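Residue strings, one per chain:
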Amino acid sequence: MSENEAVGSGGGLIPVTEGEFAGWSTWNSDAFEQRAGPFYERRDENGDYVSAFRAEERHMNGAGFMHGGCLMTFADSALFTIATEALAESHGVTMHLAGDFLDPARVGQLIEARGEVVRAGGKTIYVVGKITADGTPVLSFNGIIRKITRRD
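All of these numbers come straight from a predicted model, not from anything done at the bench. (Residues numbered from 1 in each chain as written. Predicted model: local features only at pLDDT ≥ 70, side-chain atom pairs only at ≥ 80, totals over all residues. Heavy atoms only, no water.)

**A closer look at empty space enclosed by the protein**
In this structure the tally under the stated criterion is one cavity of 30 Å³ or more. If you trace the largest cavity, you find it lined by Trp27, Glu33, Phe39, Tyr40, Glu41, Ser51, Ser77 and Thr81. Elements supplying a minimum of two residues to the lining of the largest cavity: β3 (40-43) and α3 (68-82). Residue composition of the lining of the largest cavity, by class: three nonpolar, three polar and two charged. (1 Å grid on protein atoms, 1.4 Å probe; cavity = no way out; pocket = protein on both sides within 12 Å on 5 of 7 lines; lining within 4 Å. Points joined across faces, edges and corners; volume = space filled by probe spheres on them. Helix = DSSP H or I, 4+ residues; strand = E, 2+ residues; numbered from the N terminus. Nonpolar A, V, L, I, M, F, W, Y, C, P; charged D, E, K, R; others polar.)

What follows is the structure, given as structure tokens:
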């Protein structure tokens, strides 16, 4: 089986039953996020959506800090987790994503994203969020999702 067949070959959101992220879910059908992360999501004790992953050496830049592109990829993924209810099982694309880097993230840290939908109506969803590394803010972000009709 090739790497492309093993990662992203289908299945959608699947529960994780073992390891550090047992009790979370991951998007098995998203090959890019599986390679970049993998990223996990769940609802916390307050019912809020949270995304997370563990920082590894492969996520770091040449200076030993998490690569900005990795944080922005995670923020893009987190937009959709945060907007789960507003999406109402429809598909969407990112129309806008902006981030402000606040502090470096390092190997071994738990990277988490939380946020809120600030406005949703029609086909447009506005999201704001913050990514932390072991609880320290490392990126604030905002984005706009556009609901789309999937064409098969």
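Picking up where we left off.
**Considerations on the layout of surface pockets**
Taken as a whole, the largest pocket encloses approximately 770 Å³ of empty space. For the lining of the largest pocket, the elements supplying multiple residues, two or more each, are β2 (25-27), α2 (31-36), β3, α3, α4 (84-87) and β5 (91-101). Tallying contributions element by element places α3 first for the lining of the largest pocket, with five residues. Looking at the second largest pocket, its volume works out to about 160 Å³. If you list the elements that add at least two residues to the lining of the second largest pocket, you get α4 and β6 (110-121). When the residues that make up the lining of the second largest pocket are grouped by side-chain class, the tally is five nonpolar, three polar and four charged.

**Quick notes on the nonpolar core**
Grouped together as the largest cluster of nonpolar side chains are 27 residues, with contacts concentrated most on Met66, Ile111, Ile131 and Phe141. Looking at this core, the elements with two or more residues in it are α3, α4, β6, β7 (124-133) and β8 (136-148). Tallying contributions element by element places α3 first for this core, with seven residues. Setting aside anything within four residues of it in sequence, one finds Ile131 in contact with Leu71, Phe74, Ala75, Ile111, Glu112, Ala113, Thr136, Pro137, Val138, Leu139 and Phe141. (Core = buried A, V, L, I, M, F, W, Y, C linked by side-chain atoms within 4.5 Å. Buried < 20%, exposed > 50% of the residue type's maximum accessible area, 1.4 Å probe, protein only. Contact = heavy atoms within 4.5 Å.)

**Looking at the environment of Glu20**
Note on placement: Glu20 falls in the loop between β1 (13-15) and β2. When the C-alpha positions of Glu20 and Arg54 are compared, they lie 9.1 Å apart, and in sequence the two are 34 residues distant. Among all residues touching Glu20, those that are not within four sequence positions of it are Arg54 and Leu110. Engagement of the side chain of Glu20 in a polar contact is seen with the side chain of Arg54, the distance being 2.2 Å. (Polar contact = N/O pair within 3.5 Å; in protein donor to acceptor, adjacent residues only side chain to side chain.)

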